[in-house]
Amino acid sequence: MAAGNEWINGYLEAILDAGVKLRGQAGGAPLQALPRLLPAPALAEVGTAAYSPTRYFVEEVVSRFDDRDLHKTWTKVVAMRNSQERSNRLENMCWRIWHVARKKKQVEWEYSRQLARRRLEQELGSREAAEDLSEGEKDRPDGVGATAVATAVTDGEQRQQSRFARINSDVRIVSDEEDEESQDRNLYIVLISIHGLVRGENMELGRDSDTGGQVKYVVELARALAATAGVHRVDLLTRQISYPDVDWTYGEPVEMITRATDADDDGAGGGAYIVRLPCGPRDKYLHKESLWPHIPEFVDRALAHITNVARALGEQLAGDGPSAASAAQPVWPYVIHGHYADAAEVAAHLASALNVPMVMTGHSLGRNKLEQLLKLGRMPRAEIQGTYRIARRVEAEETGLDAADVVVTSTKQEIEEQWGLYDGFDPRVERKLRVRRRQGLSCLGRYMPRMVVIPPGMDFSYVDTQDLAEGDGDLQALISPDKAKKPLPPIWSQVLRFFTNPHKPMILALSRPDPKKNVTTLLKAYGESRHLRELANLTLILGNRDDIEEMSGGAGTVLTAVLKLIDRYDLYGQVAYPKHHKQTDVPHIYRLAAKTKGVFINPALVEPFGLTLIEAAAYGLPVVATKNGGPVDIIKALSNGLLVDPHDAAAITDALLSLLADKARWGECRRNGLRNIHRFSWPHHCRLYLSHVATSCDHPSQHQLLRVPTCPSAAASADALSDSLRDLSLGISVDASHELSAGDSAAAIMDALRRRRSADRPASSARAAGFAPGLRQSLFVVAVDCYNGDGRPDVEQLKKAIGVATASGEGAGGRVGYVLSTGMTIAESVDALRACGADPAAFDALVCSSGAELCYPWRELAADEEYAGHVAFRWPGEHVRATVPRLGKADGAQEADLAVDEAACSVHCHAYAVASASKVRKIDSMRQSLRMRGFRCHLVYTRACTRLNVVPLSASRPRALRYLSIQWGIDLSKVAVLVGDKGDTDRERLLPGLHRTLVLPGLVAHGSEELLRDEDGFTTEDVVAMDSPNIVTLADDKAAADILKAI
């Protein structure tokens, strides 16, 4: 039947057999009607794929054989057709598999075209930025200082240069002597890792794909930082999970993982803590792909917690006495560090709101994963997006790059081959920017984060050095129980029971059962080498399992393949594959392999870092590792093993034999690893980390730090303040009921976002009587984007929206404030309000130009200078003004199709008139081009696609809302935002959060959201959960009034 390849026959027969078996189990039901098999842990019931033998065999055929061979097989099946049902099914199956193989080729071809186009645009952007930045360097005489060129720098960049001045200093690791001198620094550090199951003890690593090495890393990093001299407190923020199928400890709001040292006893609240904040449905465990719509809620709660802790730390460290407490300044985070894409987005928002430095670590990157999935060709881009939410993840990583001061990587290869795929980072441009800042030259409005290599640390305190020197005595005792002098680890007997001859050296592989870990190639290398099988046993520690058929698709596929290969090569008695192990068993497994004089191997296709290699080295195990990724730097530092091509089974065999057969070489690698392992210790890691943060991060000056000023509004709002803020204890900063909201902290830190001292303000800034912040207890925000088709305000519909808000606040006695949030300028907003018959002075604030300007119309009809200073961070100013029209026009568009609108421009908003929506590029495409050139901005289409607003990175309508909430001490749960069912391109960002969102359908006839994203981008469902109880779509104005009155 087959076209010269009996393997195809075998796979096709296996597919048929699997189908018959499944139909038999289902009582004759068709395969499509089979219920999905649930994985063993109940917590993974959402978003996991069932293991399908048919899918496994089809993927094997598609990936291993050329489509021409498959077509030949089909033609031969047709030629041998008979009346039997099995033959007809085989013919149909061959035809379908052949088409799958051709589809795979088509996906690969389309991906290669897309990649080529993107790389071309990236190269053009990099070249353009590099050429612009090279101007002024060549002809600049040596010795010219920063003072000589300061006149060529714009005012905006003069403010930023002081923030960038320290970036180019040489990094110097803090010494032991300096450690002692820095004891009184009292640093507060915030780490964020949202997804997975995070706790300090008995971590359930491998329970699901979200609970892996990252969980262990962030917990140990928090512990190590808290133990570092000068660090007073470390908070690890994660999601609170109150789900019946997970342990109750994941629902505890606060977990202390490290107590304060004796030296810190005089300042309570020190140490390391895991702080769990509600995010999304409280009774469900959400995988990381489902967390994206709930990120804004986590941001609001994290902001509340951080401000509470900062204020309490300031009071406690100031000492006793009322005078000391009143003079205490909050201890704001020294740095906010986001881990993975979701936490990087959270950190970016928090750092912008609090004016503190941000650091991010990718761990694994979305663009890299997308590239690998598209190369496999098994899933089209649309299916990849639906399964992994890759586009949303990539945008979160780009957002992190926009705001980050430092990006921590594990290896140089990660910088060049993974982060180099991103729009927001270009190594060549980043180096030029550092050179220009060092020379005092203008950066021309461009910015790139600093990439630093800091290998993850390891805790070696549990390694028994005496045990390493005792040789294989324990092993002999296990084999001969009568010789045992002490109890031996139970895991040893569970492993050795698989072996016919347990005396042989052990080849150890430890990973989760993931196709990327490439365990099947290792098994093939072992099975096909008689010398290797005679010389050593093989131990595979592949997570925990109960029933393979109930495991998720990838893990089940790998474990099935492992069992089939063991059977194919008849490796019974030579390969161990225990079903269960605990995290505490892992050190004992390394010890066992070392006592047998074995070797550890990591054959992964790509390994971002390779913590297991360091763990193995700590126990004296030589290693063989993939040459792709982090192991390159690890092996170079430790000199304790060999690198191999993970696709080359023969190379894997040769490397293992060279270490196992040559005892002198094995001993040399063992000694090198033990001697150099200190380079990966946690104390060394923390010193290097803090050195990079001090050198490369943009720390604000003392007067730029957030403060708790003494102002009349504090007394006026005393009734609105939470009692917990008057008697705050760090131990209960997040209470058990977790009703803590951003408003609690807002009331505590009123006017906290001021960048200038109160004394520097003009006298006109004092609020008029009746507008004291403490008087407002709730806030109604009208953000309904009502425009006609020509972009002019739709007065009638806007009047209805304003009427809904004002009618709901009648009789509130001044406790309700009103805000208009719009893409119009201040002058246009005032004209629109007057056309509606509304008095602009009746509004507490106007958020204009898509969040670039804030106006208090009861005071003066002009942009607030203080807010302008808040949003100015990384604003490229005039440097980006001419670039936007050039990059924003669609192919074939004329110059007039996207031209500067001078009347609508302001200091922090470049406005452009749009002739037609078909003549301009969409937001995500234009933002991508600007990022490639080092420009960091927000872009918003408004006024029914007739205007483009380009505003600073820190400016947006949602951020302006939170700015006012903090300034006026108004609980976000008492804020209602009124939006239409369509609107400007930033409308979807107004919906989520702790505030109430009321969608008023029918008021907006013309929106701009058609220009938001391309078809292959993420969707609104990835940004906001429309089923949130905080979002209500109303049928009539009366219902809106009732809800607003309830607020």
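Anyway, here's the lowdown on the structure attached to this text. If you're wondering where the values come from, they're calculated on a predicted model, not measured in any experiment.

Before going further, it helps to spend a moment on the packing of helix α9 (residues 295–318) against helix α11 (residues 340–354). It is at 10 Å that the axes of α9 and α11 come closest, and there the two elements cross at 50°. Judged by the inter-axis angle, α9 sits oblique to α11. α9 and α11 meet at a crossing whose hand is right-handed. Residue-level inspection shows I295, F298, V299, A302, L303, I306 and T307 of α9 in contact with α11, the latter providing D342, E345, V346, H349, L350, A353 and L354. Split by residue class, the contact of α9 with α11 holds 10 nonpolar, 2 polar and 2 charged.

This paragraph deals with the sheet that holds strand β3 (residues 254–259). Pairing is mixed in the open sheet, where 8 strands are placed in the order β3-β4-β2-β1-β5-β6-β7-β8. Edge positions in the sheet fall to β3 and β8 (450–453), since each has one partner strand and no second. Averaged over all pairs of adjacent strands, the angle between strand axes in this sheet comes to 20°, irrespective of strand direction. Where strand β2 (residues 231–239) and strand β4 (residues 271–277) come together, 7 bridges link them in parallel fashion. When the bridges of β4 are listed, R233 appears paired with G271.

The buried fraction of helix α36 (residues 923–932) amounts to 10 of the 10 residues, a majority that puts the element mostly inside the structure. Once α36 ends, the next one or two residues include G934, with phi positive near 85°.

Here we take up unusual backbone geometry. In the Ramachandran plot, N518 falls in the positive-phi region, its phi being about 65° despite a non-glycine side chain. Following the sequence through the fold, N518 ends up in the loop between β9 (506–510) and α20 (519–527). With a phi angle near 50°, S639 is a residue other than glycine that sits in the positive phi range. Of note, S639 is situated in the loop between α25 (631–638) and β14 (641–644).

Another point: the nonpolar core. Counting 73 residues, the largest nonpolar core has I507, L523, L540, V575, Y590, F600 and L656 as its most contacted members. Apart from residues no more than four positions distant in its own chain, L540 is found in contact with A509, V519, L522, L523, V562, V575, A576, Y577 and P578.

Counting buried residues along strand β22 (residues 947–952), 6 of its 6 residues qualify, which places the element largely inside the surrounding structure. One ladder, built from 4 bridges, connects strand β20 (residues 910–914) with β22; its direction is antiparallel. Looking across to β22, one finds that H910 is bridged to V950. By the bridge criterion, 6 bridges tie strand β21 (residues 937–942) to β22 in an arrangement that is antiparallel.

With that out of the way, let us pick up the pattern of salt bridges. Scanning the entire structure with this criterion turns up 47 salt bridges. Of the charged contacts in the structure, one is a salt bridge between E395 and R927, with a shortest N-O distance of 3.8 Å. You can see E395 sitting in helix α14 (residues 390–403) and its partner R927 sitting in helix α36, a full 532 residues away along the chain. Comparing E395 with R927, the two get one shared label, buried.

In spatial order, the strands read β19-β20-β22-β21; together these 4 strands make up an open sheet with antiparallel pairing. Sheet topology places β19 (898–900) and β21 at the edges, where each strand pairs with a single neighbour. Across the sheet, the axes of successive neighbouring strands diverge by a mean angle of 25°, strand direction being ignored. The pairing of β19 with β20 spans 3 bridges and is classified as antiparallel. Counted as the bridge partner of L898 is V914 from β20. Against the sheet, α36 engages β21 and β22, with an angle of about 155° to β21.

Moving on, we get to the packing of aromatic side chains. Taken as a whole, this structure holds 9 aromatic pairs when the rule is applied. With 5.7 Å between their ring centres and 40° between their planes, Y217 and W682 make a pair best called tilted. With Y217 in helix α8 (residues 213–226) and W682 in helix α28 (residues 682–696), this pair connects stretches of sequence that are 465 residues apart. Y217 sits in the buried class, given a relative accessible area of 6%. Ring geometry for Y867 versus Y963: centroids 5.0 Å apart, planes at 75°, classification edge-to-face. Taken together, the residues Y867 in helix α34 (residues 865–871) and Y963 in helix α37 (residues 957–968) connect sequence positions 96 residues apart. Side by side, Y867 and Y963 carry an identical accessibility label, which is buried. An aromatic cluster of three or more residues is present, and its members are Y590, F600 and Y619. Looking at R233, its charged tip hangs above the ring of Y273, at a distance of 4.0 Å from the centre. Cation over ring: R874 sits above Y447, and NZ or CZ is 3.7 Å from the ring centre.

Conventions and cut-offs
- Residues numbered from 1 in each chain as written.
- Predicted model: local features only at pLDDT ≥ 70, side-chain atom pairs only at ≥ 80, totals over all residues.
- Heavy atoms only, no water.
- Axes fitted to C-alpha atoms, helices over the stretch in contact; angles between N-to-C directions.
- Helix = DSSP H or I, 4+ residues; strand = E, 2+ residues; numbered from the N terminus.
- Parallel < 35°, antiparallel > 145°, perpendicular 65-115°, else oblique.
- Left-handed = near helix turned anticlockwise from the far one by under 90°.
- Contact = heavy atoms within 4.5 Å.
- Nonpolar A, V, L, I, M, F, W, Y, C, P; charged D, E, K, R; others polar.
- Pairing = 2+ DSSP bridges.
- Buried < 20%, exposed > 50% of the residue type's maximum accessible area, 1.4 Å probe, protein only.
- Core = buried A, V, L, I, M, F, W, Y, C linked by side-chain atoms within 4.5 Å.
- Salt bridge = Lys/Arg side-chain N within 4 Å of Asp/Glu carboxyl O.
- Phe/Tyr/Trp six-rings, centres within 6.5 Å; stacked < 30°, edge-to-face > 60°.
- Lys NZ or Arg CZ within 6 Å of the ring centre and 35° of its normal.

Purely spatial values, then, with no claim about function.
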